[in-house]
Protein chains: 2
Amino acid sequence: MPTPIRLLLIDDHAVMRAGLANMLNANTDFKVVAGADDAATGLALYRQHKPDVTLLDVSMPGMSGIECLRALRAEYPTAYVLMLSSSDAEEDIVQALAAGACGYVSKSARPAELTAAIHDAQAGKRVVSAAIESRIAEHASSSTLTSREIEVLHLLRKGMNNPDIGHLLGITRRTAKAHVAAILQKLDAADRTEAVARAFERGLLKV
Amino acid sequence: MPTPIRLLLIDDHAVMRAGLANMLNANTDFKVVAGADDAATGLALYRQHKPDVTLLDVSMPGMSGIECLRALRAEYPTAYVLMLSSSDAEEDIVQALAAGACGYVSKSARPAELTAAIHDAQAGKRVVSAAIESRIAEHASSSTLTSREIEVLHLLRKGMNNPDIGHLLGITRRTAKAHVAAILQKLDAADRTEAVARAFERGLLKV
DNA sequence: CGGACCATTGGCCAGGTGGCCAATACGTCC
DNA sequence: GGACGTATTGGCCACCTGGCCAATGGTCCG
């Protein structure tokens, strides 16, 4: 392998970044050219180095991995980005793939799985960890919330009741109630409390 | 440094484990003698290798890091265990330190911070990341739920109402209501829905 | 252009919610 | 032994909840 694949690492966990860099640099197929601990720095380093493949953590404080991915792909539509995740929340996976990620690898994956994924990513293939594929299947069979419903969901999380939600959104309590009813049905929840819990499980709401 | 500090790594993220091992073995102060991807294996490897210091991830599928810590300390009360965390949820930190962890290091910490923490741990000092200390302060000022309240909290998460909770726990709906009222007050929540959301934020409930 | 989906709103109603008052009983800690 | 925290229970009440019925416009797609 004469020319190694040039990599950019974006992950807020410095320990993970250092570890990944050590591991990948030990393999002559790869060369980590830069590492960032937040999305903004990551974008800047991408412009500077134009890596072959970018490894991007999904969950980061500030601009999330997904947002970073969108920003990156908006500027460089052909960028090869492989998402790394610890959470495996379905929502993130679907959104990442929709936003043009080349693949989605769990941090629980074996190192060999990661290196294979990087090779595939550079070759333009789409790769998803086996453990993650099943999650996508689940998600496909469940419903998607509309943007209005997501908006209401965030207010439910804050403990708001229907009248207050209606007032805040400039609609009647009856409409707010209709949105809540739709959320309950789509998330298969008995009440708004379970709806919020399930939203956390699916990654619709984040800690 | 003639005799390196012998380390055991327990983390379900293989990538993180491999990375950590690479990084730490590059430093002659340390020698990673074993790595496990779940708590049970970790315990077995501890018995086998008796490492000087154990690095233990807080969140793992199956037996959690906290439970693993308790089991380990029950068997080897003098074990030096350093917790590694990605979530930084307050609850985990407090519980880990209460269960006898030597320290609690965020995965966002710089590598130097980690190596320093390992040295301190082996010296019997207690170390906590700066970023994590502030969280403990927050927690100290807030209230602790009783075990009964935690039990009720888990039922709220499932969308149960007071009569059903009472029935399940063998108490009246009035008592269930009293527990819920206590939860709301302690978590500073307007209703049970916000209580569940705040519980996720604090690490009392997990995805 | 008609169908599909969405956001919006209305009435009605049995049942649950959360806050207020107060009381008993059982442990532990000083 | 007494104070304290916890678990337990009661009544009362204004308010909110979620499910049922049905209807109106808007947009987007084939």
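Worth saying up front: this structure is predicted, and the values here are computed from it rather than measured. (Residues numbered from 1 in each chain as written. Chains lettered and ligands numbered in written order. Predicted model: local features only at pLDDT ≥ 70, side-chain atom pairs only at ≥ 80, totals over all residues. Heavy atoms only, no water.)

**A look at the protein's contact with DNA strand C**
Inference 1: For DNA strand C, the set of nearby residues contains 17 residues, the closest of which are Arg148(A), Thr172(A), Thr175(A), His179(A) and Lys177(B).
Inference 2: With respect to DNA strand C, the side chain of Arg174(A) contributes an N or O atom lying 2.9 Å from a base oxygen.
Inference 3: The contact in question runs from a phosphate oxygen of DNA strand C to an N or O atom on the side chain of Thr175(A), over 2.5 Å.
Inference 4: Looking at the surface near DNA strand C, the elements with two or more residues in it are helix H7 (147–157) and helix H9 (173–187) of chain A together with helix H8 (162–169) and helix H9 (173–187) of chain B.
Inference 5: Partitioning the surface near DNA strand C into residue classes produces five nonpolar, six polar and six charged. (Near = heavy atom within 4 Å. Polar contact = N/O pair within 3.5 Å; in protein donor to acceptor, adjacent residues only side chain to side chain. Helix = DSSP H or I, 4+ residues; strand = E, 2+ residues; numbered from the N terminus. Nonpolar A, V, L, I, M, F, W, Y, C, P; charged D, E, K, R; others polar.)

**A closer look at the domain arrangement of chain A**
Inference 1: Domain boundaries assigned for chain A yield domain 1 (5–139) and domain 2 (144–201).
Inference 2: Taking only C-alpha atoms, the centre of domain 1 of chain A and the centre of domain 2 of chain A are 32 Å apart. (Domains from an automatic or database assignment.)

**Considerations on the protein's contact with DNA strand D**
Inference 1: Around DNA strand D lies a shell of 18 residues, among which Lys177(A), Arg192(A), Arg148(B), Thr175(B) and His179(B) are the nearest.
Inference 2: Side-chain polar atom of His179(B) to a phosphate oxygen of DNA strand D: 2.6 Å apart, as the coordinates give it.
Inference 3: Contributions of two or more residues to the surface near DNA strand D are made by helix H8 (162–169) and H9 of chain A together with helix H7 (147–157) and H9 of chain B.
Inference 4: For the surface near DNA strand D, the residue count by class is five nonpolar, six polar and seven charged.

**Focus: the nonpolar core**
Inference 1: Counting 45 residues, the largest nonpolar core has Leu24(A), Ile118(A) and Ile118(B) as the members making the most contacts within it.
Inference 2: For this core, the element with the most residues is helix H1 (residues 14–25) of chain A, which contributes seven residues.
Inference 3: With sequence-adjacent residues up to four places away left out, Ile118(B) is seen in contact with Ile5(B), Leu7(B), Leu24(B), Phe30(B), Val53(B), Leu55(B) and Leu82(B).
Inference 4: One finds Ile165(A), Leu187(A), Ala199(A) and Ala199(B) within the second-largest nonpolar core, a separate group that totals 42 residues. (Core = buried A, V, L, I, M, F, W, Y, C linked by side-chain atoms within 4.5 Å. Buried < 20%, exposed > 50% of the residue type's maximum accessible area, 1.4 Å probe, protein only. Contact = heavy atoms within 4.5 Å.)

**Here's the deal with the pattern of salt bridges**
Inference 1: If you walk through the whole model with that rule in mind, you get 20 salt bridges over all chains.
Inference 2: Salt-bridge contacts for Asp11(B) lead to Lys107(B); the nearest nitrogen and oxygen are separated by 3.1 Å. With Asp11(B) in the loop between strand S1 (5–10) and helix H1 (14–25) and Lys107(B) in the loop between strand S5 (103–106) and helix H5 (111–122), the pair connects residues that are 96 residues apart, well separated along the chain. Here Asp11(B) matches Lys107(B) in class, with each residue buried.
Inference 3: A salt bridge links Lys206(B) to Asp92(B), with the shortest nitrogen-to-oxygen separation between them at 2.6 Å. Here Lys206(B), found in the segment after helix H10 (192–202), pairs with Asp92(B), found in helix H4 (residues 90–98); they are 114 residues apart in sequence, far enough to count as distant.
Inference 4: For Asp92(B), a relative accessible area of 7% corresponds to the buried category.
Inference 5: Put simply, Asp11(A), Asp57(A) and Lys107(A) are held in one network by salt bridges that share partners. (Salt bridge = Lys/Arg side-chain N within 4 Å of Asp/Glu carboxyl O.)

**Description of the packing of aromatic side chains**
Residues and elements named next belong to chain B.
Inference 1: If you walk through the whole model with that rule in mind, you get three aromatic pairs over all chains.
Inference 2: Relative to Tyr-76, the ring of Tyr-46 has its centre 4.8 Å away and its plane inclined at 50 degrees; by these criteria the two rings are tilted. Pair noted here: Tyr-46 is in helix H2 (residues 39–49) and Tyr-76 is in the loop between helix H3 (65–75) and strand S4 (81–85), with a separation of 30 residues, a long-range link.
Inference 3: Tyr-46 sits in the buried class, given a relative accessible area of 6%. (Phe/Tyr/Trp six-rings, centres within 6.5 Å; stacked < 30°, edge-to-face > 60°.)

**Describing the pairing of strand S3 (residues 53–57) of chain B**
Residue and element names in this part refer to chain B.
Inference 1: For S3, a buried count of five out of five residues is recorded, marking the element as mostly surrounded by other parts of the structure.
Inference 2: Every second residue of S3 is oriented toward a common face, with Val-53, Leu-55 and Asp-57 on one face and Thr-54 and Leu-56 on the other, all of them buried.
Inference 3: Both S1 and S3 contribute to a ladder of four bridges, which runs parallel. Paired with Leu-7 across the two strands is Val-53, which belongs to S3.
Inference 4: In the sheet, S3 pairs with S4 via four bridges, with the strands oriented parallel. Within S4, the position partnered with Leu-55 by the bridge is Leu-82.
Inference 5: Regarding the hand of the β-α-β motif, the stretch spanning S3, H3 and S4 is right-handed. (Pairing = 2+ DSSP bridges. Right-handed = clockwise from strand over helix to strand, strands pointing away.)

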